[in-house]
Structure formats: structure tokens, C-alpha cells
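# Geometric and topological summary
The lines below spell out each chain.
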4 protein chains.
Amino acid sequence: MTSGKGHAHHGLKLDTAVRADARRRLLSIRGHVEGILKMLEEDGTYCVDVLKQIKAVQGALGRVGEIVLRSHLADHVVNSAARGDEARVVDELMELLKYR
Amino acid sequence: MTSGKGHAHHGLKLDTAVRADARRRLLSIRGHVEGILKMLEEDGTYCVDVLKQIKAVQGALGRVGEIVLRSHLADHVVNSAARGDEARVVDELMELLKYR
Amino acid sequence: MTSGKGHAHHGLKLDTAVRADARRRLLSIRGHVEGILKMLEEDGTYCVDVLKQIKAVQGALGRVGEIVLRSHLADHVVNSAARGDEARVVDELMELLKYR
Amino acid sequence: MTSGKGHAHHGLKLDTAVRADARRRLLSIRGHVEGILKMLEEDGTYCVDVLKQIKAVQGALGRVGEIVLRSHLADHVVNSAARGDEARVVDELMELLKYR
């Protein structure tokens with residue numbers, strides 16, 4: 001597969017330990033989403049209870065994002081000038097960070 | 001108390017059509033989270049690709065939140081003074097909206 | 001049109017005490033912005049110091065926003081169904097709250 | 001003065017052209033804040049008009065922040081491993097970016 005999701009041509013990879021941590025956290029987030037889906041099956045569900053759970057999931061996603069971002073900064077951004085791809089690296093980061 | 005997630009004592013309920021729409025959207029969000037989990041199984045995954053997907057899921061969650069919030073405002077907030085629970089309703093909203 | 005900023009035709013007004021509090025806070029925010037302007041006059045200013053100050057001002061603006069929003073909810077939203085302008089009130093709120 | 005706002009010991013400086021651009025934008029932001037202060041002097045000011053202006057100022061501040069952040073990334077982050085202060089640089093960035 002040559003999609004944007006797979007092995008990128010530049011060979012930069014998410015750190016293995018961070019990848020495992022992110023995976024654990026996303027499994028928990030998936031469980032949290034399933035909990036909201038269960039709430040939404042019930043006729044008596046209160047809007048604010050749904051909104052609280054959505055906010056909690058967004059917080060958890062934000063924390064995964066912070067972990068992956070820190071790893072990316074430390075492993076691939078701080079040395080990008082030496083590698084010579086700093087223009088792309090900065091553009092990618094700014095695209096991610098705007099309206100965050 | 002039988003959990004903050006279930007049939008609240010005040011009897012205010014999320015609109016049925018909105019509940020169904022939110023459910024469809026959360027099913028799609030769960031699928032998106034599963035897609036990220038698959039990315040995280042691969043050794044060559046690039047940090048920025050993960051971060052883009054997390055940002056996309058956060059956007060989708062934000063849209064579900066907006067739909068539920070609009071429904072809550074229209075069904076339960078605008079008439080809360082008439083019902084007499086406006087103090088609680090305002091406190092709940094402000095708790096949700098801060099740092100959003 | 002006599003500007004979107006002035007005495008709106010519907011006659012809903014920001015509470016006087018909240019208006020005074022918001023004014024005091026915005027005077028402080030103006031001072032903070034002037035502090036950043038002074039930093040930006042200096043040749044040796046470090047980017048991160050500027051970014052920290054911008055973040056602090058955004059936090060302070062967010063707090064003024066929360067105070068005005070709470071006042072608006074309590075004074076004008078919770079009773080809008082009784083007044084009959086709930087459709088406009090909900091639309092205005094959703095416009096403000098999206099991407100917040 | 002040896003505060004965190006002045007000439008930092010590490011000698012990293014905000015780019016002169018970016019500093020000038022940020023200054024122009026912050027002058028405009030100060031004018032915008034003064035416009036809100038004027039609105040808040042009027043008895044008939046509507047909450048939502050204040051909230052819209054606050055949101056606009058936050059957007060403008062966010063754009064200054066993006067400009068300074070891009071400059072910082074390009075000038076000081078991408079080469080920090082070569083300089084040897086990458087640990088501090090990453091910590092500073094993560095502190096700025098969390099809850100943004």
C-alpha cells in the first residue's frame with residue numbers, strides 16, 4: 001500500500017516504546033468511545049452526560065497527541081537541519097499545530 | 001446513585017434523532033480510532049501521520065459535540081428559567097465549555 | 001446599519017457589574033499586550049518568551065470570555081424561550097462556540 | 001534586569017523581520033482591545049457582541065503566535081541537536097503547546 005498512512009519514503013519512524021504507549025492509550029480511548037455508544041443506545045440519556053464523555057475522550061486524545069508530538073520533536077525535528085529536510089518538517093508541524 | 005451516565009433524575013433527555021445521528025458519527029469515530037490502532041501496529045509508522053489522524057478524530061468528536069450541544073441548548077437551556085433549574089443548567093454548561 | 005457593536009435592537013444588555021469586571025480585566029490585558037510590544041522592540045528577544053506571553057494573554061482573554069458567557073447564559077439564554085427569540089439565541093451561541 | 005523576558009543567556013533571538021511583523025500585528029490587537037474597552041463603556045452593550053470581539057482578538061493573537069512559532073521552529077529548533085540544547089528546546093515547546 002502506498003497511502004499516506006504507511007511506511008513513508010523518508011524512513012522516519014515513530015519510536016517503538018512511544019508507539020506501544022500510544023497503542024495502549026488508543027485502546028482505552030476506543031473503549032471510552034464504545035461506552036458513549038452504549039449511552040447513546042439508551043432512551044433516557046442526558047445531553048450533558050454525553051458532552052462530558054466526549055470532552056473526556058478529547059482530553060485523552062490530546063494526551064496521546066502530546067506524547068507522539070514530543071517524540072517527533074525529539075527524534076526528528078531537532079536534527080532535521082542536519083538531515084536537510086527541515087523545510088518539510090516545519091511545514092508539517094505548522095499544519096498540525098494551527099487551530100489546535 | 002446509579003451512575004452519572006444513565007437516566008438522570010431530572011428527566012431531561014437527548015433528542016431521539018440527534019441521539020441516532022451522534023451514534024452514527026461515533027461509530028465512524030470508533031472506526032477511525034481502529035484505523036489509528038492498525039497504523040500503530042506497523043513498525044514504519046511516521047509520527048506525523050499518526051498526529052494527522054488524531055487531529056482528524058478530534059475534529060470529528062468536536063462536530064458530534066456541537067450537534068449534541070446545539071440540541072441541549074434548544075431543548076433544555078432556553079426554557080430552563082421556566083422550568084426552574086437554570087442555575088444547574090448554567091453551571092453544567094460553563095463546566096463543559098471552559099478550556100474547550 | 002449603525003454597527004454590530006452598539007445598542008442592539010433587541011434591548012438585551014450585558015449586566016452592569018459584569019461589564020465593569022470585564023472592563024477591568026481588559027485594561028489589564030491591554031497592559032499585557034503593551035508589555036509584549038515592549039519585548040518586541042528589543043533586538044535580543046527570544047521567541048519562546050514572546051510565545052509564553054501570547055499564551056498568557058490568550059488565557060486572560062478566555063477568562064473574560066467565560067465571565068461574559070456565563071452572564072449571557074444566565075441573563076438572556078435560559079429565559080429566551082419565554083421571550084420568544086430562542087432560535088436566534090441558539091444560533092448566536094453556536095456560532096461563538098464552534099472552534100473555540 | 002535578568003527576568004525571563006529579556007535577553008536570554010543562550011543568545012537565541014527572534015528574527016528581526018518576524019519581530020517587526022509581530023509588532024505590527026500586536027499594535028492592531030491593542031487597538032482591537034481598546035475597541036472592546038469602548039464597547040464596555042456603553043450601557044447598552046450586548047454580551048454576544050463582546051464575545052464576538054473577544055473571539056476575533058483571540059484569533060489574531062493565535063496568528064501572531066503561529067508566525068513566531070514557525071520562526072522559532074525554523075531558526076532554533078531544527079538545528080538544536082547540532083547546537084546541543086535540544087532537551088531544553090523540546091521541553092519549552094511542549095510546555096507552550098499543551099492545552100493550546
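All of the points below concern the structure found in this document.

Turning our attention to the overall build of chain A. Scanning chain A for helices and strands turns up four helices and zero strands. When its helices and strands are written in sequence order, chain A yields α-α-α-α. Relative to its full complement of 100 residues, chain A shows a buried share of 46%. When contacts within chain A are restricted to residue pairs at least 6 apart in sequence, those whose partners lie at least 24 apart make up 59%. Of the accessible surface of chain A, which amounts to about 4,600 Å², a share of 52% is contributed by carbon and sulfur atoms.

Glancing now at the side chain of Q53 of chain B. Note that Q53 of chain B resides in helix α2 (residues 47–77). On the basis of relative accessibility, which here comes to 17%, the residue Q53 of chain B falls in the buried class.

With respect to the secondary-structure elements, V68 of chain B resides in helix α2. Spatially, the C-alpha atom of V68 of chain B lies 11 Å from that of T16 of chain B, the residues being 52 residues apart in sequence.

Let us look at the interface of chain B and chain A. One widely used convention gives an interface's size as the accessible area the parts lose upon coming together. Listed per partner, the contact involves 54 residues of chain B and 54 residues of chain A. Here chain B and chain A share an interface that buries about 5,100 Å² over both sides, 65% of which is from carbon and sulfur atoms. Residues D43 of chain A and K13 of chain B are paired through a salt bridge, measuring 2.7 Å at the closest nitrogen-oxygen approach. Joining chain B to chain A, the criterion identifies 25 residue pairs in polar contact (both at pLDDT 80 or more). Broken down by secondary-structure element, the contributors of at least two residues to the side of chain B that touches chain A are α1 (16–41), α2 and α4 (86–97) of chain B. No other element matches α2 of chain B, which puts 19 residues into the side of chain B that touches chain A. Split into classes, the residues belonging to the side of chain B that touches chain A amount to 25 nonpolar, 13 polar and 16 charged.

Turning our eyes to something else, we now look at the relation of the copies chain D and chain A. With an RMSD of 0.0 Å, the operation that places chain D on chain A is a rotation of 180° combined with a shift of 0.0 Å along the axis. Between the two chains, the operation in question is that of a two-fold axis. Of the C-alpha atoms belonging to chain D, the one lying closest to the rotation axis is found on V78 of chain D, 2.2 Å away. When the interface residues of chain D are mapped onto chain A, 100% of them again fall at the interface, so both copies present the same face.

We now examine the interface of chain D and chain A. With 19 residues of chain D in contact, the opposing surface of chain A contributes 19 residues. The tally of links from chain D across to chain A stands at two salt bridges. Close ionic contact of D91 of chain A with R70 of chain D constitutes a salt bridge, the shortest N to O distance being 2.9 Å. Between the two partners, chain D and chain A, sit six residue pairs in polar contact (both at pLDDT 80 or more). Listing elements by their share of the side of chain D that touches chain A, those giving two or more residues are α2 (47–77), α3 (80–83) and α4 (86–97) of chain D. Per-class residue counts for the side of chain D that touches chain A are 11 nonpolar, two polar and six charged.

Looking now at helix α1 (residues 16–41) of chain A. Over its 26 residues, α1 of chain A extends 38 Å from the first C-alpha to the last, a length consistent with the 38 Å expected when each residue adds 1.5 Å. Turning to α1 of chain A, its buried residues are V18, R19, A22, L26, I29, V33, I36, L37, M39 and L40 of chain A. The inward-facing, buried residues of α1 of chain A abut α2 (47–77) of chain A together with α1 of chain B. In this structure D15 of chain A caps α1 of chain A, since a side-chain oxygen of it lies 3.0 Å from the backbone nitrogen of A17 of chain A.

Each copy of the chain is related to the other by a rotation around an axis and a translation along that axis. At an RMSD of 0.0 Å, chain B and chain A line up after a rotation of 180° and a shift of 0.0 Å along the axis. The share of interface residues of chain B whose copies in chain A are also at the interface is 100%, consistent with both copies meeting through the same surface.

What counts, and where the lines are drawn
- Residues numbered from 1 in each chain as written.
- Chains lettered and ligands numbered in written order.
- Predicted model: local features only at pLDDT ≥ 70, side-chain atom pairs only at ≥ 80, totals over all residues.
- Heavy atoms only, no water.
- Helix = DSSP H or I, 4+ residues; strand = E, 2+ residues; numbered from the N terminus.
- Buried < 20%, exposed > 50% of the residue type's maximum accessible area, 1.4 Å probe, protein only.
- Contact = heavy atoms within 4.5 Å.
- Areas by Shrake-Rupley, 256 points an atom, 1.4 Å probe, with all protein chains shown as cover.
- Buried area = accessible area lost by both parts, 1.4 Å probe.
- Salt bridge = Lys/Arg side-chain N within 4 Å of Asp/Glu carboxyl O.
- Polar contact = N/O pair within 3.5 Å; in protein donor to acceptor, adjacent residues only side chain to side chain.
- Nonpolar A, V, L, I, M, F, W, Y, C, P; charged D, E, K, R; others polar.
- Least-squares fit on C-alpha atoms with pLDDT ≥ 70 in both.
- Expected span 1.5 Å × (residues − 1).

So far we have only geometry, and geometry alone does not tell us how the molecule works.
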